[in-house]
Amino acid sequence: MKKLLVYLKDYRKETILGPLFKLLEASFELFVPLVIAAIIDTGIQNGDMGFIARMCLVLVALGVVGLVCSITAQYFAAKAAVGFVKKLRHALFQHIQSLSYTELDTLGASTMITRMTSDMNQVQAGLNLTLRLLLRSPFVVFGAMVMAFTIDWKAALVFVAAIPLLCIVVFGIMLASIPLYRKVQARLDRVTGVTRENLTGVRVIRAFCKEEEETREFQARNQELTDVQKFVGRISALMNPVTYIIINLAVVFLIWTGALRVEEGILTQGMVVALYNYMSQILAELIKMANLIINITRAVACGNRISAVFDLSSSQEKAGGPAPKRKEEAPAVEFRGVSLRYQGAGDNSLENISFTAGRGETIGIIGGTGSGKTSLVNLIPRFYDAVQGEVLVDGVNVRDYPLEELRGSIGVVPQKAELFQGTIRENIRWGKPGASDGEIWAALEAAQAKEIVNGKEGGLGFAVEQGGRNLSGGQRQRLTIARALVRRPRILILDDSASALDFATDAALRRSLRLLNYHPTVFVVSQRAASLQHADKIIVLEEGRAVGIGTHSELMEACQVYREIYSSQFKKEEE
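Since the model is a prediction, treat every value here as computed from it, not as a measurement. (Residues numbered from 1 in each chain as written. Predicted model: local features only at pLDDT ≥ 70, side-chain atom pairs only at ≥ 80, totals over all residues. Heavy atoms only, no water.)

Chemist: Any chance you could break down the overall build of the protein chain for me, citing the residues and the numbers?
Modeler: Along the backbone of the protein chain there are 19 helices and 12 strands. Relative to a compact globule of 575 residues, whose C-alpha radius of gyration would be 25 Å, the protein chain shows 35 Å and is clearly more extended. Counting the 575 residues in the protein chain, one finds 47% classified as buried. In the protein chain, the proportion of contacts linking residues at least 24 apart, taken out of those at least 6 apart, comes to 77%. Entry remark: accessible area of the protein chain is about 28,900 Å², with carbon and sulfur atoms responsible for 57%. (Helix = DSSP H or I, 4+ residues; strand = E, 2+ residues; numbered from the N terminus. Rg over C-alpha atoms; globule rule 2.2 N^0.38 Å. Buried < 20%, exposed > 50% of the residue type's maximum accessible area, 1.4 Å probe, protein only. Contact = heavy atoms within 4.5 Å. Areas by Shrake-Rupley, 256 points an atom, 1.4 Å probe, with all protein chains shown as cover.)

Below, the structure is given as structure tokens:
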């Protein structure tokens, strides 16, 4: 949590002025019981209405000044808390963007969303309360006790006895609640995870009529959260009745003692009322202090969870120095004995893969589900690092490239066609910021997406909803291909990105890619043998191993796995 306070340095003035104005407000509050004592002992006892009126004006003045100080303190505290969390949220988002796929896979989307939202809100609330009350409450407790002793030290001994008991109850309940609040946050993470999974997979859930089952799962997780919240709520609820019992007993003893000393002429009635008011102030501030510490503890716990994300550093070492010189005579891509194992996995996902891809060649990658096709192409833009062997682009190890330099020359179309909220023009320009409309139309035409845009109201200005949900699967895929093509990449990776296209559109797309005038090296991952049979080289994967590398005709003769895939897809057509 301490590491996060660096984002508070721009709000030093607010962090000083906020507590300072709260202390001023508390100082004025401590004078109120003395004014009331004066009204009782002098004004009421002597029937002096002028004095009473003047003292009432003093009370109003104390109240107004205290209110102004309180509002000012709240303004500075809120400004510091909101500004701090704004900077922190921005820094966390930026840090998450710098993490490699390995760390992102480990954290999980629901965890990161919780850190960015719920945890941030708790930190903001905790900081706001800290700036307003952390100094104020102890100041009032100590000040009220001092004022009580100035009135009558013997009667004030009741404070000495009551305050330790109140502290034991208040802070005992607080200490018991702290670990339970951590459990509440953990249960909240689970509810968030289930919610996100259900919302993103709602179509699948409804297709398989799993609504009731998923509802029961959510209710179970929600009930776990509710049970922990109720339990911690019951413990926290003990605070008020127990403290009021103690304070009322102390008040009874104080009034009884005060009455005896009034009878003896040592104290006045106004002084007893003042002592009672100071006792009430102490009770109120101790309860505030306990709630404050619970909130601070909750905020610190959330801050530590945020800090834990900052402590995660990318497992990929970034290349330093200038970009390496590409070797024009070297293959566009070369794998040398490459193996890949995901973090936490029991076995390698890829094992000893070696091949070369010449400039301008089309490389097909085919295999069964889970054979490692996506894992292989993810190594080229260095989304993951190989645990063994080397991946070279233009004769240079991908580890030696600055990531921006490497990925800037590669166009990637992932398995899941993901578009973002905005216009079609804005989405395509993700591939090349500042691309002209002419460049965009050329990319759309090459991706067989020109008719999509022509058919939409507004053309390139058509508004795409979040995730592209107002477009069909095939439309999204073609637009994401256009997004990759607009940057005119040296290497183009199509990771099963034509799965939603019909055969005619798929064939037209492949033909269009072959006719590109800048001749990129194209990697095509596909389940369709027809999409790959004209590739210059086809890599056949099975359980992470390359069981065949060659052209379509070579593999039909020498690779049984490829023959089985091809036969399974074309057998019905031949019949």
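Further notes follow.
Chemist: Please set out a nonpolar patch on the surface residue by residue, giving values where relevant.
Modeler: Where nonpolar side chains cluster on the molecular surface, the patch consists of Phe149, Trp153, Leu157 and Val160 and spans about 370 Å² of accessible area. Among the elements that make up the nonpolar patch, the one with the highest residue count is helix 6 (residues 153–200) (three residues). Checked against the element boundaries, leucine 157 lands in helix 6. (Patch = residues over 30% accessible without salt bridge, like charges linked within 9 Å, V, L, I, M, F, W, Y side chains within 5 Å. Salt bridge = Lys/Arg side-chain N within 4 Å of Asp/Glu carboxyl O.)

Chemist: Break down the environment of glycine 368 for me, with residues and values.
Modeler: Positionally, glycine 368 belongs in the loop between strand 3 (362–367) and helix 11 (373–378). Spatially, the C-alpha atom of glycine 368 lies 32 Å from that of glutamine 97, the residues being 271 residues apart in sequence.

Chemist: How would you explain the nonpolar core if you had to name every residue and give the values?
Modeler: Counting residues in each nonpolar core, the largest one holds 52 residues, and the members touching the most others are Phe159, Leu275, Tyr278, Met279 and Ile282. Within the residue set of this core, elements represented by two or more residues are helix 1 (12–46), helix 4 (109–133), helix 5 (136–151), helix 6, helix 8 (211–237), helix 9 (239–263) and helix 10 (269–311). By size, the runner-up hydrophobic cluster in this structure holds 46 residues, among which are Ile452, Leu501, Cys559 and Ile565. (Core = buried A, V, L, I, M, F, W, Y, C linked by side-chain atoms within 4.5 Å.)

Chemist: Residues and numbers for the sheet that holds strand 12 (residues 545–550), please.
Modeler: Pairing is mixed in the open sheet, where six strands are placed in the order 6-9-10-3-11-12. Two strands lie at the open edges of the sheet, namely strand 6 (410–413) and strand 12, each paired on one side alone. Strand-to-strand, the axes of this sheet are offset by a mean angle of 15°, without reference to chain direction. Pairing of strand 9 (residues 491–495) with strand 10 (residues 521–525), which is carried by five bridges, proceeds in the parallel orientation. Residue pairing for strand 10: leucine 494 is matched across the bridge by valine 524. (Pairing = 2+ DSSP bridges. Axes fitted to C-alpha atoms, helices over the stretch in contact; angles between N-to-C directions.)

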